[in-house]
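Architecture and fold: a report
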Amino acid sequence: MTEPRAPAQDGRGRQRSLLLVLDAWFPPPLPPERGGVIVVASDGTPLRHWPSPDGAWRHPVQLEEISPLYLEAVQGYEDRWFRWHFGVNPLAMIRAAGQWAMQGQVVSGGSTLTMQVARILEPRQLGRDETGAQGRSHALWVKLRQMVRAVQLEMRYSKRELLQIYAQRESQ
């Protein structure tokens, strides 16, 4: 006689399999390298700068080149639980939903740094127009898509890589 499987274990395995299949079919976009151009002298002194193709003065930097105090401040202000969540902070989402219900309007979005990286990588699909202005970013379906993309990004990139993508691109 075979013993029946515990439903919770069987369900978790199916959920993981489904997530992996969906992630393979609908991968998040790779971070584009759209930095500006810097011409430097032989000693490394910058001689001339050009903006990136979208007109932003953005130049790639490594995370080690960014002040740890700045990185701490960003995490403290934007997403203090960044190191511990899986891309979505359920408590922040519940808080934002409660504020929305109480105030009758969106007060805060509950986005994590990883959800913001998802929005940076797909601005038109996830709430920003071509000028970078916030459009429909608080619509429920957009928020759900951000959450899915955030989980995908967390599966593919380390927290360090996500923080570097955020730091290089959010200053647009």
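Here is what the cut-offs are and how they apply
- Residues numbered from 1 in each chain as written.
- Predicted model: local features only at pLDDT ≥ 70, side-chain atom pairs only at ≥ 80, totals over all residues.
- Heavy atoms only, no water.
- Helix = DSSP H or I, 4+ residues; strand = E, 2+ residues; numbered from the N terminus.
- Contact = heavy atoms within 4.5 Å.
- Areas by Shrake-Rupley, 256 points an atom, 1.4 Å probe, with all protein chains shown as cover.
- Axes fitted to C-alpha atoms, helices over the stretch in contact; angles between N-to-C directions.
- Parallel < 35°, antiparallel > 145°, perpendicular 65-115°, else oblique.
- Left-handed = near helix turned anticlockwise from the far one by under 90°.
- Nonpolar A, V, L, I, M, F, W, Y, C, P; charged D, E, K, R; others polar.
- Salt bridge = Lys/Arg side-chain N within 4 Å of Asp/Glu carboxyl O.
- Buried < 20%, exposed > 50% of the residue type's maximum accessible area, 1.4 Å probe, protein only.
- Pairing = 2+ DSSP bridges.

Here we take up the overall build of the protein. Each helix and strand in the protein was counted, giving 6 helices and 2 strands. For the protein, the succession of helices and strands along the chain, N to C, is α-β-β-α-α-α-α-α. When contacts within the protein are restricted to residue pairs at least 6 apart in sequence, long-range pairs at least 24 apart make up 58% of them. About 11700 Å² of surface is accessible on the protein, with carbon and sulfur atoms providing 60% of the total.

Here we take up the packing of helix H4 (residues 113–121) against helix H6 (residues 159–169). Direction vectors running N to C along H4 and H6 enclose 55°, while the axes themselves pass 10 Å from each other. The orientation of H4 with respect to H6, classified from their angle, is oblique. In this structure, the crossing between H4 and H6 has a hand that is left-handed. From H4, Leu-113, Thr-114, Gln-116, Val-117, Ile-120 and Leu-121 reach across to H6, where they touch Leu-162, Leu-163, Ile-165, Tyr-166 and Arg-169. Its residues assigned to classes, the contact of H4 with H6 comprises 8 nonpolar, 2 polar and 1 charged.

Here we come to the pattern of salt bridges. Summed over the entire model, instances satisfying the criterion amount to 4 salt bridges. The partner of Glu-64 in a salt bridge is Arg-160, and the shortest N-O contact between them spans 1.8 Å. Here the residue Glu-64 occupies a position in the loop between strand E2 (46–50) and helix H2 (68–78), and Arg-160 occupies one in helix H6, the gap between them amounting to 96 residues. Look at Arg-160 and you get partly exposed, because its relative accessible area is 42%. Residue Lys-159 pairs with Glu-154 through a salt bridge whose shortest N-O separation is 2.9 Å. Side by side, Lys-159 and Glu-154 carry an identical accessibility label, which is buried. Taken together, the shared-partner salt bridges connect Glu-122, Arg-145 and Arg-149 into one network.

On a regular strand, each side chain points to the face opposite its neighbour's, so the side chains alternate between the two faces of the sheet. In terms of strand pairing, strand E1 (residues 37–40) meets E2 through 4 bridges, oriented antiparallel. Counterpart to Val-37 in the pairing with E2 is Trp-50. Taking the residues between adjacent antiparallel strands as the criterion, E1 and E2 are bridged by 5 residues, where Gly-44 takes a positive phi near 95°.

Counting buried positions along H6 yields 9 of 11 residues, so the element is predominantly enclosed. Those residues of H6 hidden inside the fold are in contact with H2, H4 and helix H5 (140–156).

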